[in-house]
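Listed below are the residues making up each chain.
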Amino acid sequence: MAQKVISRMCDKLGQTPARILCVLVLIFQGAVLDYYVITYSKTNAAYAFLVADVVTLGMCIAAFVVSYLYLKQIEKDPVSSNRNNTSFIHGDKVGLLPLSYVAWFVYASGMVPRMAIIFKHYAAGLSEEDFFGPNLLKFAVAVTAIIFLLLVLSHHNAKPTTSQKYYIETLTASVPFDILDSVEFLEILFIQESRVALPFTLEDFIIAFPCINIFLPGLCFVVLSFSKYGLNEVSKFARILYALLHILFVDLPFLVIRMYLWHALDRDISVFVVKNIIMIFLEASDISNTGKEMWEEDETVDGPESIELQSTQKL
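Residues numbered from 1 in each chain as written. Predicted model: local features only at pLDDT ≥ 70, side-chain atom pairs only at ≥ 80, totals over all residues. Heavy atoms only, no water.

### Re the packing of helix H9 (residues 174–186) against helix H12 (residues 236–264)
- Where H9 meets H12, the axes come as close as 12 Å, and the angle between the chain directions of the two elements is 30°. Taken together, the axis directions place H9 and H12 in an arrangement best described as roughly parallel. You can see that H9 and H12 cross each other, and the crossing is left-handed. Here Val-175, Asp-178, Asp-181, Ser-182, Glu-184 and Phe-185 of H9 lie close against H12, whose contacting residues are Tyr-242, His-246, Val-250, Asp-251, Phe-254, Ile-257 and Arg-258.
- Counted by class, the contact of H9 with H12 contains six nonpolar, two polar and five charged residues. (Axes fitted to C-alpha atoms, helices over the stretch in contact; angles between N-to-C directions. Helix = DSSP H or I, 4+ residues; strand = E, 2+ residues; numbered from the N terminus. Parallel < 35°, antiparallel > 145°, perpendicular 65-115°, else oblique. Left-handed = near helix turned anticlockwise from the far one by under 90°. Contact = heavy atoms within 4.5 Å. Nonpolar A, V, L, I, M, F, W, Y, C, P; charged D, E, K, R; others polar.)

Next comes the structure, spelled out in structure tokens:
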């Protein structure tokens, strides 16, 4: 009896708790980062980030409302929902629930400038003794991983042990670790912790690649959207591009810079070096296997039978 009651409650709630928690985490993160920028910059221009927070919240709430209406509709009538071509919900050119990736790119557009400003100008002077010190800053940036997962959970109702659920989890599993990797990567900029003074060019690279990594999950939402959140197979070209971008902008540069810090500046080695190496091999393997599949498909299409048919048509 109790199990049935709990099951009914979960069915009624659906993705609502994830949406509410996502909004709360967004408010927390925005408030903390705005405090750093406004307090240390001491300029009126810094208050513009408050407007960015409102726009981000509005976009995320809009995405939640649209996903809620779609998921409710698909529960009642899956056939009619598949025919819905409203651009906010579904379309051949924009994918399924396109506001998901629009919301993420809007979020990243407000997040990245604050990260760049704080870590470029103020991170070195933060003290661990202060509440608004390096630890709270790292935590505030790290909750980006939570926001990503909650946003994904809010846009699908895939059942456990299904191929759709497996596809979504496989595609999104590495993203939170990439974000945490970026936070650990930025830790070198807290000079009072690391005791390492960096060349300005290297400092810019250390800031740039984590900022790029904040945008990359948006591509994950694009892939999810065009695959109808695992209901359709994503194009092999998109899989290769997604893996290649992760190698070029996340794991490879992080690995190279960490090895340089280790050997040239005697900086303590990070355990995420192992993660970078593993992910490079896995992503390279995925690119190789997917490229092989594409090649075999092309050979099947352009095989002997196809050539014979083309010559017959010419005659």
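### Structural notes on unusual backbone geometry
- The backbone phi angle of Leu-97 is positive, close to 50°, even though this residue is not glycine.
- Assignment of secondary structure puts Leu-97 in the loop between strand S2 (95–96) and helix H5 (99–122).
- Within the chain, Lys-228 stands out as a residue other than glycine whose phi angle is a positive 55°.
- Tracing the sequence through the fold places Lys-228 in the loop between helix H11 (200–226) and H12.
- Lys-228 gets classed as partly exposed once you look at its relative accessible area, which sits at 22%. (Buried < 20%, exposed > 50% of the residue type's maximum accessible area, 1.4 Å probe, protein only.)

### Description of a nonpolar patch on the surface
- Taken together, Ile-20, Leu-21, Leu-24 and Ile-27 make up a surface patch of nonpolar side chains, about 370 Å² in accessible area.
- Position of Ile-20 among the secondary structure elements: in helix H2 (residues 16–41). (Patch = residues over 30% accessible without salt bridge, like charges linked within 9 Å, V, L, I, M, F, W, Y side chains within 5 Å. Areas by Shrake-Rupley, 256 points an atom, 1.4 Å probe, with all protein chains shown as cover. Salt bridge = Lys/Arg side-chain N within 4 Å of Asp/Glu carboxyl O.)

### Quick look at H12
- In this model H12 runs 40 Å from its N-terminal to its C-terminal C-alpha over 29 residues, within 8% of the 42 Å that 1.5 Å per residue would give.
- Bending of H12 peaks at approximately 40° at the position of Ile-247.
- Two residues or fewer past H12, Asp-266 is found with a positive phi of approximately 55°. (Expected span 1.5 Å × (residues − 1). Bend = angle between axes of the 7 residues up to and from the residue.)

### So, the side chain of Lys-275
- Mapped onto the elements, Lys-275 comes out in helix H13 (residues 272–301).
- Excluding residues within four positions of it along the chain, Lys-275 makes contact with Phe-177, Asp-178, Asp-181, Val-250 and Asp-251.

### Concerning the nonpolar core
- Judged by nonpolar contacts, the single largest core of 79 residues is most densely connected at Phe-119, Leu-137 and Ile-206.
- Those residues in contact with Phe-119 that lie beyond four places of it in its chain are Leu-137, Val-141, Leu-186, Leu-189, Phe-190 and Ile-207. (Core = buried A, V, L, I, M, F, W, Y, C linked by side-chain atoms within 4.5 Å.)

### A few points about the packing of aromatic side chains
- Enumeration according to the criterion identifies 14 aromatic pairs in this entry.
- On the basis of an interplanar angle of 5° and a centroid distance of 4.2 Å, the ring pair of Phe-185 and Phe-254 is categorised as stacked. Linking Phe-185 in helix H9 with Phe-254 in helix H12, this pair joins segments that are 69 residues apart in sequence.
- The exposure class assigned to Phe-185 is buried, which follows from its relative accessible area of 4%. (Phe/Tyr/Trp six-rings, centres within 6.5 Å; stacked < 30°, edge-to-face > 60°.)

### Some words on the packing of H5 against helix H7 (residues 144–153)
- At a minimum axis separation of 11 Å, H5 and H7 run at an interaxial angle of 165°. With respect to their mutual orientation, H5 and H7 come out roughly antiparallel. For the pair H5 and H7, the sense of crossing is right-handed. Judged by residue contacts, Ser-100, Trp-104, Tyr-107 and Met-111 of H5 engage Thr-144, Ile-147, Phe-148 and Leu-151 from H7.
- Split by residue class, the contact of H5 with H7 holds six nonpolar, two polar and no charged.

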